[in-house]
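Observations on the model geometry
Next come the chains, spelled out residue by residue.
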Amino acid sequence: MDVQALRARADELMAQFERMRSGVGDLQQQLKAVAATVTSEDGLVTVTVGPRGQVTKVEFDPRIYRRPNSKELSATVTETIRLATEKAMAEVEKLVRPFVPDSQFQAYIDHDLDGIFRQLDSDLPGEDKR
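Here's what I pulled together on the structure shown here. (Residues numbered from 1 in each chain as written. Predicted model: local features only at pLDDT ≥ 70, side-chain atom pairs only at ≥ 80, totals over all residues. Heavy atoms only, no water.)

1. Remarks on the side chain of Thr80
Put simply, the rule reads: Every helix listed is a DSSP run of H or I at least four residues long, and every strand listed is a run of E at least two residues long, numbered separately from the N terminus. By the criterion applied in these results, polar contacts are pairs of N or O atoms within 3.5 Å in which, for protein atoms, one can donate a hydrogen and the other can accept it, and in which residues neighboring in sequence qualify only through two side-chain atoms. Contacts: residue pairs with any heavy atoms within 4.5 Å of one another.
The topology assignment puts Thr80 in helix 2 (residues 70-96). At a separation of 2.7 Å, a polar atom in the side chain of Thr80 contacts the main-chain carbonyl oxygen of Thr76. Look past the residues within four positions of Thr80 in its chain and what remains in contact with it is Val38, Thr39, Ser40, Val45 and Val47.

2. Observations regarding the sheet that holds strand 1 (residues 36-39)
Definition in use: Here a strand pair is declared whenever DSSP counts at least two bridges between the two strands. In this analysis, axes come from line fits to C-alpha atoms, helices being fitted only over the stretch in contact, and the angle between any two N-to-C directions falls in the range 0 to 180 degrees.
Sheet architecture is open: three strands sit in the order 1-2-3, paired in antiparallel fashion. For this open sheet the edge positions go to strand 1 and strand 3 (55-60), each flanked by a neighbour on one side alone. On average, each strand axis in the sheet is inclined to that of its neighbour by 10°, with strand direction left out of account. Bridge analysis of strand 2 (residues 45-49) against strand 3 gives five bridges, and the strand direction is antiparallel. When the bridges of strand 3 are listed, Val47 appears paired with Val58. Each of strand 1, strand 2 and strand 3 is contacted by helix 2, which is oriented at about 35° to strand 2, the strand it contacts most.

3. Overview of the packing of helix 1 (residues 3-32) against helix 2
Rules: Working definition: roughly parallel below 35 degrees, roughly antiparallel above 145 degrees, roughly perpendicular at 65 to 115 degrees, and oblique for all remaining angles. Amino acids are sorted into nonpolar (Ala, Val, Leu, Ile, Met, Phe, Trp, Tyr, Cys and Pro), charged (Asp, Glu, Lys and Arg) and polar (every other residue, Gly among them).
At a minimum axis separation of 10 Å, helix 1 and helix 2 run at an interaxial angle of 170°. By the angle between their directions, the pair helix 1 and helix 2 is classed as roughly antiparallel. Where helix 1 approaches helix 2, its residues Leu27, Gln30 and Leu31 are matched on the opposing element by Val92, Leu95 and Val96. Looking at the contact of helix 1 with helix 2 residue by residue, the classes come out as five nonpolar, one polar and no charged.

4. Some words on the nonpolar core
Heads up, the rule is: Throughout this description, the term nonpolar core refers to a set of buried Ala, Val, Leu, Ile, Met, Phe, Trp, Tyr and Cys residues connected via side-chain atoms within 4.5 Å. Using a 1.4 Å probe on the protein chains alone, a residue whose accessible area is under 20% of its type maximum counts as buried, one over 50% counts as exposed, and one in between counts as partly exposed.
By size, the foremost hydrophobic cluster in this structure holds 16 residues, and its most contacted members are Leu31, Val45 and Val49. Sorting elements by how many residues they give to this core places helix 2 first, with six residues.

5. Side note on the side chain of Thr76
For Thr76, the location among the structural elements is in helix 2. For Thr76, a relative accessible area of 17% corresponds to the buried category. With residues near it in sequence (within four places) discarded, Thr76 still touches Ser40, Asp42 and Val45.

In structure tokens, the structure reads:
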């Protein structure tokens, strides 16, 4: 690459970097607000999870006591949590995809924004390594 092409690439990376920096506050707020709620097929279990798939709420319909099968209940709760987590992760992915190259996507999922910015800094030509 010639010097002019390198400069153009550096300018492009810097513009991308600045877009990400300026949008990161909003993105963090949107990510924190992600919540997914799923109700089991039988309607007896409802689970809500947060942006990292953490369970924030579990509700049982009172009819659940009419069928005291603990193994079935356990399977239903586990499956409902899995589905809610998938739903939350899909929402997180939708929010961060416009900002993130595929190679950095997992770091975004892990909310490692400092690591991502360090990577972007190191990709810029002529920047001092920190």
